[in-house]
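# Structure at a glance
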Amino acid sequence: MTEFTRLTSIAAPFPESDIDTDVVIPARFLLLLDKAGLGQHLFHERRHDRQRQRNTSFVLDHPPFDTAKILVAGRNFGCGSSREQAVWALADFGITCVIAPSFGEIFFANCFKNGVLPIILDAELYDRVLLVAEAGAEMTVDLQTQEILLPKGTPIPFAVDPHRRRALLLGLDEIGMMLTDDGADIEAFEANHRVAAPWLFLDCDRREEVKL
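Residues numbered from 1 in each chain as written. Predicted model: local features only at pLDDT ≥ 70, side-chain atom pairs only at ≥ 80, totals over all residues. Heavy atoms only, no water.

## Some remarks on the packing of helix α3 (residues 85-93) against helix α4 (residues 105-113)
This is how the line gets drawn: Between N-to-C directions, angles cover 0 to 180 degrees, with each direction set by a line fitted to C-alpha atoms, over the stretch in contact for helices. Only DSSP runs of H or I with at least four residues qualify as helices, and only runs of E with at least two residues qualify as strands; both kinds are numbered from the N terminus onward. Any angle that falls under 35 degrees is termed roughly parallel, while one over 145 is termed roughly antiparallel, one within 65 to 115 roughly perpendicular, and all others oblique. Crossing chirality is assigned from the near helix's rotation relative to the far helix, an anticlockwise turn below a right angle marking it left-handed and a clockwise turn marking it right-handed. Whether two residues are in contact is decided by their heavy atoms, any of which lying within 4.5 Å being enough. Each residue is assigned to one class: nonpolar for Ala, Val, Leu, Ile, Met, Phe, Trp, Tyr, Cys and Pro, charged for Asp, Glu, Lys and Arg, and polar for all the others, Gly among them.
Contact pair α3 / α4: the axes reach a minimum separation of 9 Å and the direction vectors enclose 50°. In terms of orientation, α3 and α4 fall into the oblique class. Regarding α3 and α4, the two cross each other, and that crossing is right-handed. Residues A86, V87 and L90 of α3 form the contact with α4, whose participating residues are F107, N110 and C111. The residue inventory of the contact of α3 with α4, partitioned by class, reads five nonpolar, one polar and no charged.

Below, the structure written as structure tokens:
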């Protein structure tokens, strides 16, 4: 994962409520196992007409929002199925921050696992951010200070779980955080376990001897 510290970008306004993960990436694209390239299928049904031609009126295909790295979504964004590919598609498209009044619970958790920052704002603060997004103006999301900086007005604070914040700042997924925080303990346990139960490691030791 890439470290997330501070992001400056225009934000694509997409305030529609109850957008589920099948809208974010339709089920037929779940057969694709590689994260790279999934961005081209993001919001596929919204970005194409019935003749499968590109619908340039959709916000993410309409300049300047086609280069947005921030999405200002509506209430309950990412509800529905638990498919992690919804976040993969967003990230591959280039969107690394989603701001909304609320999220689907599993989608919200999946964002942190894949380097995407989901931000929940109450109605008044959300409306301020949405107005800036609709105007096509840049905003800055600073994870270090936990603030959204708009062109005018006071910074907008946002809350984020400290453990998840640290993982994003370091660019680490769950395994990376485990190895960072508990790597020494894991190595010590493995060393002690090898001494206490050496018969469990005979095959491994023989393979090492063959390699040598």
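So much for the structure itself; the text now carries on.
## A word on the pairing of strand β3 (residues 97-100)
This is how it is decided: For every residue, the accessible area (1.4 Å probe, protein chains only) is compared with the maximum for its type, and the residue is labelled buried under 20%, exposed over 50%, or partly exposed between those bounds. When DSSP finds at least two bridges between two strands, those strands are taken to pair. Note on handedness: a crossover is taken as right-handed if, strands pointing away from the viewer, the path from the first strand over the helix to the second is clockwise.
Where burial is concerned, the two faces of β3 agree: the one with C97 and I99 and the one with V98 and A100 are both buried. As paired elements, strand β2 (residues 70-73) and β3 share three bridges and run parallel to each other. By the bridge assignment, L71 is partnered in β3 with V98. Taken together, β2, α3 and β3 form a β-α-β motif whose crossover is right-handed. When β3 meets strand β4 (residues 117-120), the two strands line up parallel, connected through four bridges. Bridge assignment links V98 to a residue of β4, and that residue is P118. Of the crossover connections in this fold, the one passing from β3 over α4 to the parallel β4 is right-handed.

## A few points about the nonpolar core
What counts, and what does not: Among the buried residues, those of types Ala, Val, Leu, Ile, Met, Phe, Trp, Tyr and Cys that are joined through side-chain atoms within 4.5 Å form a nonpolar core.
Ranked by internal contacts, the top residues of the largest apolar core, which has 57 residues, are F43, L71, F77, L90, L117, M139 and I148. Discounting chain neighbours no more than four positions away, the residues touching F43 are F14, I19, V23, V24, F58, L60, L71, F77 and L90.

Function-wise, these values are silent; they only describe arrangement.
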